[in-house]
Amino acid sequence: MMNLDPRLYENVSVSDNDARNIVLSYLMHNCFKETAETFLSSTGLELPVDYTVDVDKRKVIFSFVLEGNALKAIDLTEELAPNLLENKTDLHFDLLSLHFIELVRSRKCTEALEFGQKRLTPFGKVPKYVEKLEDFMALIAYEEPEKSPMFHLLSPEYRQNVADSLNRAVLAHANRPAYSSLERVIQQATVVRQYLQQEVGKDSYPPFSLKAFLNK
């Protein structure tokens, strides 16, 4: 087990290139290609070849999910990563559910019911999907689903979560890291703080918070 005493790492330096590569990894991971190109031109870095793999296709798929066009995202995913959704049942369910939600949002309730019966009902045979299906179907009962107890399903954050999950799955399918270097650094910092709390005490090392760190 690594020694977690922070005093041992006070003199460890991180080069500018290390920091820049972490930023670049985040940009390409999340399909911010144009921003990454501007970043490269201002720093003099070169873009690793493996960063560019399918980034344009991933960006289109990512955008379709954020727009609520889940069926198009499914079609393009099946072209880019065959059998991915067949093997990732939870993700496939989330994408189909997103299309159902968009039909409800557009007040196309009859079409939503037909779609639900055809594409979502089969998931009802699996216990872990039953509660989610009940929440989705309950949206139809409200004239203003945005004001229902399930309003979060219509939020941009819900779309974002589905888009992020799909992006990670596509990357993993191509044998690329599912999380960017920046996300892994944050995950590691969180785990280290948890260990420090256990070893030294809660008052000495509060849980890592990215928001608190950025506000320093």
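Look up: the structure comes first, before these words.
These figures come from a predicted structure and were not determined experimentally.

Caption draft 1: Representation of the pattern of salt bridges. The tally for this structure, following the rule as stated, stands at seven salt bridges. For D56, the salt bridge identified is with K33, shortest N-O distance 3.2 Å. Remark: K33 occurs in helix α2 (residues 33-43) and D56 occurs in helix α3 (residues 55-67); sequence separation between them is 23 residues. The salt bridge partner of E102 is R159, with a shortest N-O separation of 2.8 Å. Of this pair, E102 sits in helix α6 (residues 89-105) while R159 sits in helix α9 (residues 156-173), and the two are 57 residues apart along the sequence. Since its relative accessible area comes to 12%, E102 is described here as buried. On the basis of relative accessible area, R159 is assigned to the buried category, the value being 16%.

Caption draft 2: Region of interest: empty space enclosed by the protein. Counting across every chain of the model gives one cavity of 30 Å³ or more. Space inside the largest cavity adds up to approximately 50 Å³. Lining the largest cavity, in full, are R58, I61, F62, A163, L166, N167 and V170. Of all the secondary structure elements, the ones that give two or more residues to the lining of the largest cavity are α3 and α9. Of all the elements, α9 adds the most residues to the lining of the largest cavity, at four residues. Taken together, the residues of the lining of the largest cavity break down into five nonpolar, one polar and one charged.

About the thresholds
Residues numbered from 1 in each chain as written. Predicted model: local features only at pLDDT ≥ 70, side-chain atom pairs only at ≥ 80, totals over all residues. Heavy atoms only, no water. Salt bridge = Lys/Arg side-chain N within 4 Å of Asp/Glu carboxyl O. Helix = DSSP H or I, 4+ residues; strand = E, 2+ residues; numbered from the N terminus. Buried < 20%, exposed > 50% of the residue type's maximum accessible area, 1.4 Å probe, protein only. 1 Å grid on protein atoms, 1.4 Å probe; cavity = no way out; pocket = protein on both sides within 12 Å on 5 of 7 lines; lining within 4 Å. Points joined across faces, edges and corners; volume = space filled by probe spheres on them. Nonpolar A, V, L, I, M, F, W, Y, C, P; charged D, E, K, R; others polar.

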